[in-house]
Amino acid sequence: MLELKEYQKRSLAALESYLCMAATAGDKMAFLHHTERPYRSVPQLPGLPYICLRIPTGGGKTLVACHSLGVVATEFLQTETVVCLWLVPSNTIREQTLAALRDRRHPYRQAVEAHFSGPVTVMDLTEALYVTRPTLASETVIVVCTLAALRVEDTEGRKVYEPAGALMDHFTGLSAEMESRLEKNADGVVPRSLCNVLRLWRPVVIMDEAHNARTQLSFDTLARFNPSCIIEFTATPETTHKPDRGQFASNILHHVSAAELKAEDMVKLPIKLETHADWKEVVAAALKTQRTLEQFARDEEIQTGEYVRPIVLLQAQPKSQTKDTLTVDVVRQSLLDDFKIPEDQIAVATGQTREIDDVDLFARECPIRFIITVAALKEGWDCSFAYVLCSVAEIGSARAVEQILGRVLRLPRAKKKQQAALNCAYALVASSKFLAAAQSLKDALVENGFQQLEAELFVRDEQPQQTLFGVGSLFFEAAEVVNETPELYRLPEDLRQRVTFDENTRTLTVRKFLTEQDRTALEACFTTAEGKGAVESLYRLSHGRPAQPEPQSVERAPFRVPMLSIRVDGQLELFEDGHFLDTPWKLSDCDSCLTEAEFPSESSSESHGEIDVTREGRLEVHFVERVRRQLRLLGVEPGWDVAGLANWLDRQIPHPDIIRAESSLFIHRALTALIESRGLTIEQLATQKFRLRPAIAQKIDGHRARQAKQAFNRMLFDTGTGSIEVSPEVCFAFDQDRYAPNWYYEGAYRFRRHYFPLVGELKSEGEEFDCAVFLDQLDTVKFWVRNLERRAEGSFWLQTATDKFYPDFVALLADGRILVVEYKGEDRWSNDDSREKRAIGELWADRSNGRCLFIMPKGPDLVAIESMIRAAH
């Protein structure tokens, strides 16, 4: 099964946390708690959780959607199977989704099966008209269709609402309560239809690319199926909320930033933009970029064994009845006649001509390097070998380029390349206005799910300002003296003709401006730092910049922070939980009895929460309890005994660190104690098994945490533990490519000393903001970083007994020492969590021999930071 990326895990964790709270506090309160934003209800679907996970293009949102089914079943519905209505925006996507979910070798199908022990059945709308009652009762069923196909105007949609003889069995033996929840026709008769079958089973609705479905008509259609919850997955949710104009904003529960995708090697960033006034110059530049990238790809294969064949997507203009346009045929003929591209390297993909259908573009024997299209690639097409977007006409708006731009963003095999040029995407545009083209490209990135600040950061100028005689012109020339003789034979022919080296004067001369690909190729001709530095100077000069970086760039030298380490068999290792969690302990020796507080005999929802009174005075049955009750009435519970229930709980509770013999004995004892000591019956426990599962899991977690804390304290704080060290041998290095905020600071104060261009996950007011401003204004601070929580690969952390501790700020002082600051409000400074963090932080500082400082100021006492810097000097 394909392993989830960390940002995907965080998305699912946000969904799980929300659904758990929604089950007890309701959809609105849970959303407000998690986002600090009001929840926008849909009048047709009162009480129903209707939320959105925003994941940019290339982020694997469909994989997250597959895993979300298990989260909904376990945490919200509390069922072992689920009925899902999976809605997609087009028939093309429908066919692709059906094929993937039906293929047991596909990661999507494997992700679904990982959460359900029983069979999984995937069907289209036509097949669903014949689904049997036992199938829905005992299997997880996914019905894939378009939202349009569910509307009564559609021929296929009408069948969903009409009586179907094959479905009659679903309606036999229903109670009056169940019958009352079904849709009736104008004559007051309940149609034996697929719509009513689904109403019985309260389907989970997955909305793929839901930004096209936020309309009154869509809400009316969805309400007819009586769903239990609706989860949208999209890069571009609707954000405008004007119901009077028919605009309904999505309830965005969680979003993923483009920086998070880049940190996990999912996308090619930045995008290098180059413009030319003449469209044939653009095509020529695209061909040159492709050739350069293909050389880098050959070097990559030699180094890593990975095969990549960079492809150019050429966006032509549609045919016009009123003017001449650069059509697909015109561009294709130019490739053949003007640029002598072999015919088998060119493919056309339009609505009428589909030359890449059924072609494996990843195959080594495939010759295709240039794909000409207008907009036909926008639906369902995906090939990560696409590196270069070449638009032969002005891109007048973001919409004109947004969909095709998304096709050059995915990084092949989601793996960072050794050749830096292969980690970027390239856009070459016919335009006389660079800034306008750049803005359209940035807007298109926003349409692909990027935040505005990220779009500004990730679109890079790949060309200088064009002048007649000077920087960036065809007549530009510059020279640098360098002692090393370069191996210029390595250069591509067109670059080789523009670079000379005089052996007598040791002078390297470059004509015409250098692109980044040119710079990389020329640097490869040198082995010394001096030679590579000369190339960097020439590159900067050709772009109208000083030969040497500005002082601000110099001080952004590598930022390395010593980590807490442990010496094992003479070798220094990063100190992690594996160094103390392997201490032997037996769960079966621990107390297994659940108290009334740990597992109440009656759930709060049963005793108080099922019926509430709204402000308008109407009685409302609690939404989730009604859904769960309806599903229980339809389901068939097996006969339970203690052994069977213990085995079920054991399978439902993850415990990779505890052997099955230990866990099953512990759970069996817990059930026996509930029956013998508290008078509960096995039938009661079985009915409440989804409530019992987290209670036992928390009991096990409590024992695990106590054992871990004892082992942790023995290893770190007992007398004579000299094996714990802080040394430059084991360091964490801050890296722009791994700094992955979920959101960015957007306040009025402009930070001067932050190590990265953008400050991540810092609010524009509050005590942590005040602390950041205080650090930024200290002359003793050279630069600092807003350290991100739960980013193990991109942030500095210290191991605690239960998890990793990510301090709020890490700074490099002017004298070379490292300062780590964990801000804590005065009300939390003395709690157990803060005491543990202070202890491990102070141990880290103590073992550094004065190279590192740690402080946890008590609330607003920020002056203590400056005092520590001076006192420890």
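That block above? That's the structure.
Residues numbered from 1 in each chain as written. Predicted model: local features only at pLDDT ≥ 70, side-chain atom pairs only at ≥ 80, totals over all residues. Heavy atoms only, no water.

(A) Expanded view of the overall build of the protein. From N to C terminus, the protein includes 30 helices and 28 strands. Expressed as a percentage of the 873 residues in the protein, the buried residues total 54%. Approximately 39,300 Å² of the protein is accessible, and the part contributed by carbon and sulfur atoms is 50%. (Helix = DSSP H or I, 4+ residues; strand = E, 2+ residues; numbered from the N terminus. Buried < 20%, exposed > 50% of the residue type's maximum accessible area, 1.4 Å probe, protein only. Areas by Shrake-Rupley, 256 points an atom, 1.4 Å probe, with all protein chains shown as cover.)

(B) Spatial organisation of the pattern of salt bridges. By the definition in use, this model includes 52 salt bridges. Across the pair Glu-516 and Lys-272 runs a salt bridge, and its minimum N-O distance is 2.5 Å. One end of the pair, Glu-516, is in helix α19 (residues 516-523); the other, Lys-272, is in strand β8 (residues 271-276), and 244 residues separate them in sequence. Residue Glu-516 is classed as partly exposed on the basis of its relative accessible area, which comes to 22%. What you see here is one network of salt bridges that share partners, running through Arg-10, Glu-260, Glu-761 and Arg-791. (Salt bridge = Lys/Arg side-chain N within 4 Å of Asp/Glu carboxyl O.)

(C) Examining the sheet that holds strand β7 (residues 252-255) more closely. If you trace the seven strands from one edge of the open sheet to the other, you get β3-β4-β2-β5-β6-β1-β7, paired in parallel fashion. In this open sheet, the two edge strands, each paired with only one partner strand, are β3 (120-124) and β7. Each neighbouring strand pair of the sheet contributes to a mean axis angle of 20 degrees, computed without reference to strand direction. (Pairing = 2+ DSSP bridges. Axes fitted to C-alpha atoms, helices over the stretch in contact; angles between N-to-C directions.)

(D) Layout of the pairing of β8. Of all the six residues making up β8, six are buried; the element is thus mostly covered by neighbouring parts of the structure. The side-chain alternation of β8 yields two buried faces, one formed by Ile-271, Leu-273 and Thr-275 and the other by Lys-272, Glu-274 and His-276. Looking at chain direction, β8 and strand β13 (residues 425-430) are connected through six bridges and run parallel. Across the sheet, the residue bridging to Ile-271 is Ala-425, located in β13. With three bridges joining them, β8 and strand β14 (residues 459-461) adopt parallel strand pairing. Note that in β14 the partner of Leu-273 across the bridge is Asp-461.

(E) Main features of the packing of α19 against helix α20 (residues 529-542). Orientation of α19 relative to α20, taken along the N-to-C sense of each, is 160 degrees, at an axis distance of 9 Å. On the basis of their axis angle, the class for α19 and α20 is roughly antiparallel. Like other packed secondary-structure pairs, α19 and α20 cross with a definite hand, here right-handed. Between α19, through Glu-516, Arg-519, Leu-522 and Glu-523, and α20, the contact on the second element is made entirely by Lys-532, Val-535, Glu-536 and Tyr-539. Considered class by class, the residues forming the contact of α19 with α20 number three nonpolar, no polar and five charged. (Parallel < 35°, antiparallel > 145°, perpendicular 65-115°, else oblique. Left-handed = near helix turned anticlockwise from the far one by under 90°. Contact = heavy atoms within 4.5 Å. Nonpolar A, V, L, I, M, F, W, Y, C, P; charged D, E, K, R; others polar.)

(F) Main features of the packing of helix α24 (residues 642-652) against helix α25 (residues 660-678). Interhelical geometry of α24 versus α25 gives an angle of 130 degrees and a closest axis separation of 9 Å. Considering the angle they form, α24 stands oblique to α25. Regarding α24 and α25, the two cross each other, and that crossing is right-handed. Of the residues in α25, those in contact with Val-642, Ala-643, Leu-645, Ala-646, Asn-647, Leu-649, Asp-650 and Arg-651 of α24 are Arg-660, Ser-663, Ser-664, Ile-667, His-668, Leu-671, Thr-672 and Ile-675. Considering only residue class, the contact of α24 with α25 consists of eight nonpolar, five polar and three charged.

(G) Quick look at helix α10 (residues 194-201). Among the eight residues of α10, eight are classified as buried, and the element is accordingly described as predominantly covered. Within α10, the full set of buried residues consists of Leu-194, Cys-195, Asn-196, Val-197, Leu-198, Arg-199, Leu-200 and Trp-201.

(H) Spotlight on the sheet that holds strand β10 (residues 346-349). Strands sit in the order β10-β11-β9-β12-β13-β8-β14 across an open sheet of seven strands; the sheet is parallel. Edge positions in the sheet fall to β10 and β14, since each of these pairs with one other strand and no more. Averaged over all pairs of adjacent strands, the angle between strand axes in this sheet comes to 25 degrees, irrespective of strand direction. In this structure, strand β9 (residues 311-315) lies alongside strand β12 (residues 386-391), joined through five bridges in parallel fashion. Looking at β12, one finds that Ile-311 is bridged to Ala-386. Of the strands in this sheet, β9, β10 and β11 (370-373) touch helix α14 (residues 328-337), which is tilted by about 155 degrees from β11.

(I) Structural view of the side chain of Glu-662. Within the fold, Glu-662 resides in helix α25. One buried charged side chain, Glu-662, makes no salt bridge at all; its nearest oppositely charged neighbour is Lys-586, positioned 4.2 Å away. A distance of 3.0 Å separates the side chain of Glu-662 from the backbone nitrogen of Leu-587, its partner in a polar contact. Those residues in contact with Glu-662, other than ones at most four positions away along the chain, are Lys-586, Leu-587 and Ser-588. (Lys, Arg positive; Asp, Glu negative; His and termini not counted. Polar contact = N/O pair within 3.5 Å; in protein donor to acceptor, adjacent residues only side chain to side chain.)

(J) Inspection of the packing of aromatic side chains at higher detail. Within the structure shown, the criterion is met by 28 aromatic pairs. Here Tyr-749 and Phe-751 contribute two aromatic rings whose centre-to-centre distance is 4.8 Å and whose plane-to-plane angle is 75 degrees, an arrangement assigned as edge-to-face. With a relative accessible area of 23%, Tyr-749 lands in the partly exposed category. Overall, Phe-751 belongs to the buried group, its relative accessible area being 16%. Ring geometry for Phe-751 versus Phe-769: centroids 6.2 Å apart, planes at 75 degrees, classification edge-to-face. Of the two residues, Phe-751 sits in the loop between β22 (724-734) and α28 (767-776) while Phe-769 sits in helix α28, which places them 18 residues apart along the sequence. Judged by relative accessible area, Phe-769 falls into the buried class, the value being 13%. A connected cluster of aromatic rings, assembled from ring pairs, spans Phe-559, Phe-732, Phe-734, Tyr-739, Tyr-755, Phe-756 and Phe-783. (Phe/Tyr/Trp six-rings, centres within 6.5 Å; stacked < 30°, edge-to-face > 60°.)

(K) Spatial organisation of the pairing of strand β4 (residues 140-146). Of all seven residues making up β4, seven are buried, and the element is well covered by its neighbours. Of the two faces of β4, both are covered, the one formed by Thr-140, Ile-142, Val-144 and Thr-146 as well as the one formed by Val-141, Val-143 and Cys-145. Of the strand pairs in this sheet, strand β2 (residues 83-88) and β4 are connected by six bridges, and their pairing is parallel. Note on β4: the bridge partner recorded for Leu-85 is Val-143. Summarising the sheet, β3 and β4 pair through five bridges and their orientation is parallel.

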